[in-house]
Amino acid sequence: MSRPRKRKAPPPGRESTSRFWAGAGLVAIALAGATLLVLRPRPTPLAPRHGLDVLLVTLDTTRADHLGCYGYAAARTRHLDGLAAEGTRFETVIAPAPITLPSHSSILTGLYPFEHGVRNNGNFYLAPRIETLATRLKARGYRTGAFVSSFILDRRYGLDRGFDAYDDRMEGEYTQVVTLQAERRGDRTALALDRWIDERAKEPDAPFFAWLHLYDPHEPYRPPHPFRDLFAKDPYDGEIAFVDAIVASVLDRLRGAGLLDRTLVVLTGDHGESLGEHGETTHSMFVYEGAIRVPLVFWRPGLVPAGRVVRDPVRLVDVAPTILDLVGAPALAAPQARSLVPLLEGRSAGPSPPAYSETLLPKFYMNWAPLRSFRDSRYKLIDAPRPELYDLANDPGETTNLYAERRSTAEALREGLVRLAASGNAMSVQTLDREAMEKLAALGYIGAGAELREGGSGSLADPKDFIALFDRLRQANSAVRDRRFDEAIPILKAVLADDPKNAFATLILGSAYMGKGSSREAIPQFRRYLELVPTSSYAHQWIAICLVRLGEREAALREAEAALALDPRFTDARVLKAGVLATRGEDEAAIRVLQEAVATDPAKPMVRLDLAKVLAEAGHREEARAEYETVLRLEPDSVPALTGLGALLAGQDDLAAAETALRRALGLDPTAAQARFNLARVLERARRPEAVAEYRRVAEDEKAPPDLRAAARSHLADGRRP
Ligand SMILES: [Zn+2]
């Protein structure tokens, strides 16, 4: 049994939930319902419930037609289906882009990508001026928390605004891409949400808004046990069954905390997955239905009608306005979006506005034509070099292009599309750092920061003519991500034989060589990429990294300078430059460069760590200590900072403090070999016998760097000497 929650009296002018429901309002609604029941079973007016808790769940890469409630017989989604049965399900829901970050930006803002400016993953961000569902609800006194499962939605991309807690930690040991920590298994993300829910239960006066993002259905499809065995033939469906179980666990937690009875649950997705349709394996390149049709369910017994299915097509941009409407909060400035409450009520909201979708990824990645689609309740136009028109009522698989036959229908849609798209063309682009690039690469978005090739004469290629080539690139990309470099390289060479000016292929090929340690082979690929994309500061930076690995420090320095000339805020290029200077013994020059880097990027612990290290090596111990302490203020659990600080304190003869810092580092990460080695040295200096065991653990640690193991062995040998 759940206990009712007390709410604080709302500010003047706002209706109290309890009064509203216990008092005349409830009676009036009951009577109105009764009257309508006699005259006409529907519609049922919905009164907004102020202070209703809200749980928004976004299922990444989940095709609507792979859930049981959308008619998929092979599904094991009984919990999601249960929500749909007890709530209202929207049959046709269109994502504004088949891409995670743009689509989530639309879910949270009610804006189309050309309005909010987030046009792709990776180097786009949501501008701070834009209001979101979270900023609106927080302003209404909500406690707000977001729990996301992919680096694609990292706080750096701006969706964290309005959230008290934005949990974007990608936990190493649980991620599928272990080393790069770019995603988090959904059950781990849900555990973080569970803890937050428990906190909310202690704070019954404040309503909450929680957003849970589950990334599991995104490829690679590797569902955990038992879904791996149950869906051995269809691991994608296995991932969806897994997220079904996760959602059930969150609902259980809410029930257990006594909160479920006051929670509006909204379940949706960011885009679908083509699964081979039209030649596309995953998503992002096309705007066909498989990639842009997502589920949408509203559930709140007593408020949202049970078992209703809305057939009118709706759009993801409508989700935020509907939630705000249901909780009685002011609407967002979202001119294209509309509240779906009239449809929930069973009223007609007038003709459905056409749904717009876009993908600029073909242009950004391949210099092919971007695609836009515009659809009413029956016809869909795809604006491509060779345009397409489909009669979705009779041809839901979009197999017969009617563009030539039904020109007037197509032209009417095109006019609408042009008119709509003319209302904005926002692009919010930022520079990516190394960490971001690596994490995106780990998710298969290598080259996500690839720039547009300028100009170019003539018309752009139609993506549908080249999807097979893109699919080969995607395969090579996945191979690079999984460090199967020797598998990737021949595919990339073959692609480049077919399409020698393919910048993306060149970039991945360079990365593949770099990944397998063939710096000399990588450099010409990045040079070739620079011929195609001369403004790429990254290509210069990657060449610089290769040159450092080859010991060609002067040349590396020139490349780092070239990167900085193109992008003066490119922190990684500064760090690399400082590293070269430091290895040349120019510590003071290196320190100046790193101080510039810290000034450019003050919140970035990695840069401060480098600065602290060089300061310590140059004998500036107090300054080094201050930098380590700043890092630990930013990231209290930073193992490298604790390790460096421990060494520094040992150097200052504060062995007790050094030991404390190093033991803390090892407590956080028992595999941190450098911390263990430093600890062994501290113990040795304190003449403590435990030193031997610590040295031995480093010496025997096969994952420790070879030089560290050798040093540990040499200490052990010294210790045995009489
Ligand atoms: Zn996604």
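Predicted, not measured: the structure shown is a model, and the values here were computed from it.

Participant: Hey, could you run me through the overall build of the protein in this one?
Facilitator: Check the secondary structure of the protein and you find 30 helices and 14 strands. Burial analysis of the protein (722 residues in total) assigns 51% to the buried set. Counting only contacts in the protein whose residues sit at least 6 apart along the sequence, the fraction spanning at least 24 positions is 60%.

Participant: Help me understand the sheet that holds strand E7 (residues 263-269), please; the structure alone is not making it clear to me.
Facilitator: Within a beta sheet, neighbouring strands are joined by backbone hydrogen bonds and run either parallel or antiparallel to one another. Within the open sheet, the 8 strands sit side by side as E5-E4-E6-E1-E7-E8-E2-E9. Their pairing is mixed. Each edge of the open sheet carries a strand with a single partner, namely strand E5 (165-167) and strand E9 (308-310). Shown here is a sheet whose adjacent strand axes are inclined to one another by a mean of 10 degrees, direction ignored. Seen against the sheet, helix H7 (residues 186-201) touches strand E4 (143-147), E5 and strand E6 (208-214) and runs at an angle of roughly 170 degrees to E6. Taken strand by strand, helix H11 (residues 319-326) contacts strand E1 (53-59), E7 and strand E8 (296-299), and its axis lies near 175 degrees from that of E7.

Participant: Any chance you could explain the packing of helix H21 (residues 553-566) against helix H22 (residues 571-583) here in plain terms?
Facilitator: The description of two helices packed together rests on the angle between their axes and the distance between the axes. In contact at an axis separation of 9 Å, H21 and H22 are set at 155 degrees when each is read in the N-to-C sense. Our classification of the angle between H21 and H22 gives roughly antiparallel. Classified by chirality, the crossing of H22 by H21 is left-handed. Listed contacts from H22 to Arg553, Ala556, Leu557, Ala560, Ala563 and Leu564 of H21 are Ala573, Arg574, Leu576, Lys577, Val580 and Thr583. The residue makeup of the contact of H21 with H22, split by class, is 8 nonpolar, 1 polar and 3 charged.

Participant: Help me understand the sheet that holds strand E14 (residues 388-391) in this model?
Facilitator: In spatial order, the strands read E11-E12-E13-E14; together these 4 strands make up an open sheet with antiparallel pairing. Taken across any chain shown, the strands that pair with only one partner, and hence form the sheet edges, are strand E11 (355-359) and E14. Each strand axis lies, on average, 15 degrees off the axis of its neighbour in the sheet, ignoring direction. Taken together, the 4 bridges between strand E12 (residues 371-375) and strand E13 (residues 379-383) define a ladder with antiparallel strand orientation. Among the inter-strand pairings, Arg372 is bridged to a residue of E13, identified as Asp383. Helix-sheet contacts for helix H14 (residues 407-421) involve E11, E12, E13 and E14, and the interaxial angle to E13 is about 60 degrees.

Participant: How do you make sense of the environment of Phe470 when you look at a structure like this?
Facilitator: As for its position among the elements, Phe470 is in helix H16 (residues 463-481). Once the C-alpha coordinates of Phe470 and Gly279 are considered, the two residues, 191 residues apart in sequence, prove to be 9.7 Å apart. Sequence-distant contacts of Phe470, defined by excluding residues within four places in its chain, comprise Met285 and Met366.

Participant: I'm lost on the pairing of E4 in this one. Help?
Facilitator: Both faces of the sheet carry side chains from a regular strand, because those side chains alternate between them. Along E4, 5 of the 5 residues are buried, which leaves the element largely enclosed by surrounding structure. In terms of strand pairing, E4 meets E6 through 5 bridges, oriented parallel. Residue pairing across strands places Gly145 opposite Ala210, the latter belonging to E6. Here E4 runs beside E5; their pairing, made up of 3 bridges, is parallel. Bridged to Phe147 within E5 is Asp167.

Participant: Teacher, can you tell me more about the packing of H16 against helix H18 (residues 503-515) here?
Facilitator: For the pair H16 and H18, interaxial distance at closest approach is 10 Å and the crossing angle is 20 degrees. Taken together, H16 and H18 sit at an angle that is classed as roughly parallel. Crossing of H16 against H18: the hand is left-handed. Contacts between H16 and H18 involve Leu473, Ala476, Asn477 and Val480 from the former and Phe504, Ala505, Ile508, Ser511, Ala512 and Gly515 from the latter. When grouped by side-chain class, the residues that make up the contact of H16 with H18 number 7 nonpolar, 3 polar and no charged.

Conventions and cut-offs
- Residues numbered from 1 in each chain as written.
- Predicted model: local features only at pLDDT ≥ 70, side-chain atom pairs only at ≥ 80, totals over all residues.
- Helix = DSSP H or I, 4+ residues; strand = E, 2+ residues; numbered from the N terminus.
- Buried ≥ 20, exposed ≤ 12 C-beta atoms within 10 Å, placed from the backbone.
- Contact = placed C-beta atoms within 7 Å.
- Pairing = 2+ DSSP bridges.
- Axes fitted to C-alpha atoms, helices over the stretch in contact; angles between N-to-C directions.
- Parallel < 35°, antiparallel > 145°, perpendicular 65-115°, else oblique.
- Left-handed = near helix turned anticlockwise from the far one by under 90°.
- Nonpolar A, V, L, I, M, F, W, Y, C, P; charged D, E, K, R; others polar.

Structural measurements only, silent on function.
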